[in-house]
Amino acid sequence: PPARAEYLLGRGLQHLLAGQRARAVPLFRQALTEKLPEERRLACYFYLTRALALEDQPDEALQVANQAAAEFPDAPRLQAQPGWVQYYAKRYEEAERSYQALLARFDDQPAPVVRDSLRDARLVLSNICVQRNQLAQAEEWLEQVLDEFPEDPGALNDLGYLWADQGKYLNRAYEMTSRAVAGEPDNVAYRDSFGWARYRMGRLSEAIQELEKAVAGEDPDGVILDHLGDAYLQAERKTEAVAAWRRAAAAFAKEGNQDQARATQQKIERCEK
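These figures come from a predicted structure and were not determined experimentally.

## With respect to the overall build of the protein chain
Regarding its fold elements, the protein chain presents 16 helices and zero strands. Counting only C-alpha atoms and orienting by the principal axes, one finds that the protein chain spans roughly 70 × 40 × 30 Å. Across the 273 residues of the protein chain, 45% fall into the buried class. Put simply, of all contacts in the protein chain between residues at least 6 apart along the chain, 46% involve residues at least 24 apart. When the accessible surface of the protein chain is summed, it comes to about 14100 Å², and 48% of that surface belongs to carbon and sulfur atoms.

## Some thoughts on the packing of helix α2 (residues 21-33) against helix α3 (residues 38-54)
Viewed as axis vectors pointing N to C, α2 and α3 meet at an angle of 150°, and their least axial separation amounts to 9 Å. Considering their axes alone, α2 and α3 lie roughly antiparallel with respect to each other. Of the two possible hands of crossing, α2 and α3 adopt the one that is left-handed. Together, R21, V25, F28, R29, A31 and L32 of α2 and R41, C44, Y45, Y47, L48, A51, L52 and L54 of α3 make up the contact between the two elements.

## Some words on unusual backbone geometry
For D219, which is not a glycine, the phi torsion comes out positive at approximately 55°. On the secondary structure map, D219 appears in the loop between α13 (204-214) and α14 (222-234). Of note, E236 is a non-glycine position whose phi angle comes to about 60°, a positive value.

## Topic: the pattern of salt bridges
Here the structure, examined in full by the defined rule, presents 28 salt bridges. Close ionic contact of D74 with R105 constitutes a salt bridge, the shortest N to O distance being 3.8 Å. Separated by 31 residues along the polypeptide, D74 in the loop between α4 (58-71) and α5 (76-79) and R105 in helix α7 (residues 92-106) bring together distant segments of the chain. Classification of D74 as exposed rests on a relative accessible area of 64%. Residue R105 is classed as partly exposed on the basis of its relative accessible area, which comes to 38%. In this structure, the salt-bridge partner of R262 is D259, at a minimum N-O distance of 2.4 Å. With a gap of three residues between them, R262 and D259 both fall in helix α16 (residues 258-272), about one helical turn apart.

## Let's talk about the packing of helix α11 (residues 170-183) against helix α12 (residues 188-200)
Running from N to C, α11 and α12 cross one another at 155°; their axes reach a closest spacing of 8 Å. As far as their axial angle goes, α12 and α11 are roughly antiparallel. Relative to α12, α11 is oriented so that their crossing is left-handed. Contacts between α11 and α12 involve L170, A173, Y174, T177, S178, A180 and V181 from the first element and Y190, R191, S193, F194, A197, R198 and R200 from the second. Counted by class, the contact of α11 with α12 contains eight nonpolar, three polar and three charged residues.

## Overview of the environment of K168
Within the secondary structure, K168 sits in the loop between α10 (153-166) and α11. In this structure K168 comes out as partly exposed when scored by relative accessible area, which is 26%. The sequence separation of K168 and R200 amounts to 32 residues, and the corresponding C-alpha distance is 9.1 Å. Non-local contacts of K168, meaning those with residues more than four positions away in its chain, are made with E139 and W163.

Calculation criteria
Starting afresh in each chain, residues are numbered from 1 along the sequence in its written order. For this predicted model, a pLDDT threshold of at least 70 governs which residues receive local features, and a threshold of 80 or more governs which side-chain atom pairs are given and counted, while totals over whole chains, interfaces and linings are taken from all residues. The basis for every side-chain value is the complete set of heavy atoms in the structure, and neither hydrogens nor water enter the calculation. Runs of E in the DSSP output that reach at least two residues are strands. Runs of H or I that reach at least four are helices, and both are numbered from the N terminus. Three labels apply to residues, based on accessible area from a 1.4 Å probe with only protein chains included: buried if under 20% of the type maximum, exposed if over 50%, partly exposed otherwise in between. Any two residues having at least one pair of non-hydrogen atoms within 4.5 Å are treated as being in contact. Using the Shrake-Rupley algorithm and a 1.4 Å probe, accessible areas are obtained, with residue cover drawn only from the displayed protein chains. Axis geometry follows a simple rule: fit a line to the C-alpha atoms, using only the stretch in contact for helices, then measure angles between N-to-C directions, giving values from 0 to 180 degrees. Orientation labels follow simple angle bins: below 35 degrees gives roughly parallel, above 145 gives roughly antiparallel, 65 to 115 gives roughly perpendicular, and whatever is left gives oblique. The crossing is said to be left-handed when, going from far helix to near helix, the turn is anticlockwise and less than a right angle, and right-handed when the turn is clockwise. Here a salt bridge means any side-chain nitrogen of Lys or Arg lying within 4 Å of a carboxyl oxygen belonging to Asp or Glu. Classes in brief: Ala, Val, Leu, Ile, Met, Phe, Trp, Tyr, Cys and Pro nonpolar; Asp, Glu, Lys and Arg charged; the others, Gly included, polar.

Structure, rendered in structure tokens:
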């Protein structure tokens with residue numbers, strides 16, 4: 001039976017990593033009916049929750065997450081999963097309450113696994129504040145992360161981007177986003193932030209260079225393409241700006257983000273007049 005449980009868990013993880021979430025879910029469920037060591041059972045709950053959420057089954061994912069949290073009350077990684085499911089499903093008020101409760105319960109514990117889970121919670125809370133346009137509070141959550149983890153690339157990137165996008169603390173935003181890129185040079189979101197900070201500083205040729213690197217891969221993000229179009233326009237390269245914005249509008253439409261698609265289309269129309 002232990003070998004069977006490990007086989008089911010391993011096969012489920014293979015499917016999950018391959019993006020075959022519907023095939024992973026029944027394997028994880030079956031593994032949980034077998035005898036698994038506590039650490040492996042915890043992992044299985046984690047993977048099953050993620051697979052269900054990514055498969056657009058948030059209610060079932062939340063049910064599993066709550067079941068896991070009840071079974072492992074002292075495991076912060078599983079205690080955080082209900083909040084993550086709610087956040088992924090864009091149930092921001094519920095997610096905020098869940099993460100706030102997580103912080104209140106575990107924030108006085110020094111264990112590294114606890115601190116890592118709470119760091120992730122603060123990053124998510126910052127993103128929720130950005131969605132609500134509560135930028136000062138979003139910055140506060142990121143500053144708390146950096147107080148404890150000063151080299152965290154995600155917090156460096158997110159705070160640097162927020163500052164650059166608002167046109168404030170530009171030198172610090174530039175320095176922070178450059179550190180994020182140095183830590184993860186293949187992360188296109190970090191490179192976009194680095195390029196955007198340069199754009200806000202008026203260093204257009206450098207901005208374009210970074211943003212072009214960020215969109216060089218397959219299926220680039222609409223926001224990065226939109227930023228590249230803005231940089232091209234400021235550099236008086238209108239034809240390239242329109243081309244970048246057309247790609248951005250198509251990417252936004254594909255993502256179902258109609259508001260941003262319309263806003264980008266309006267840029268194209270203004271530029272072509």
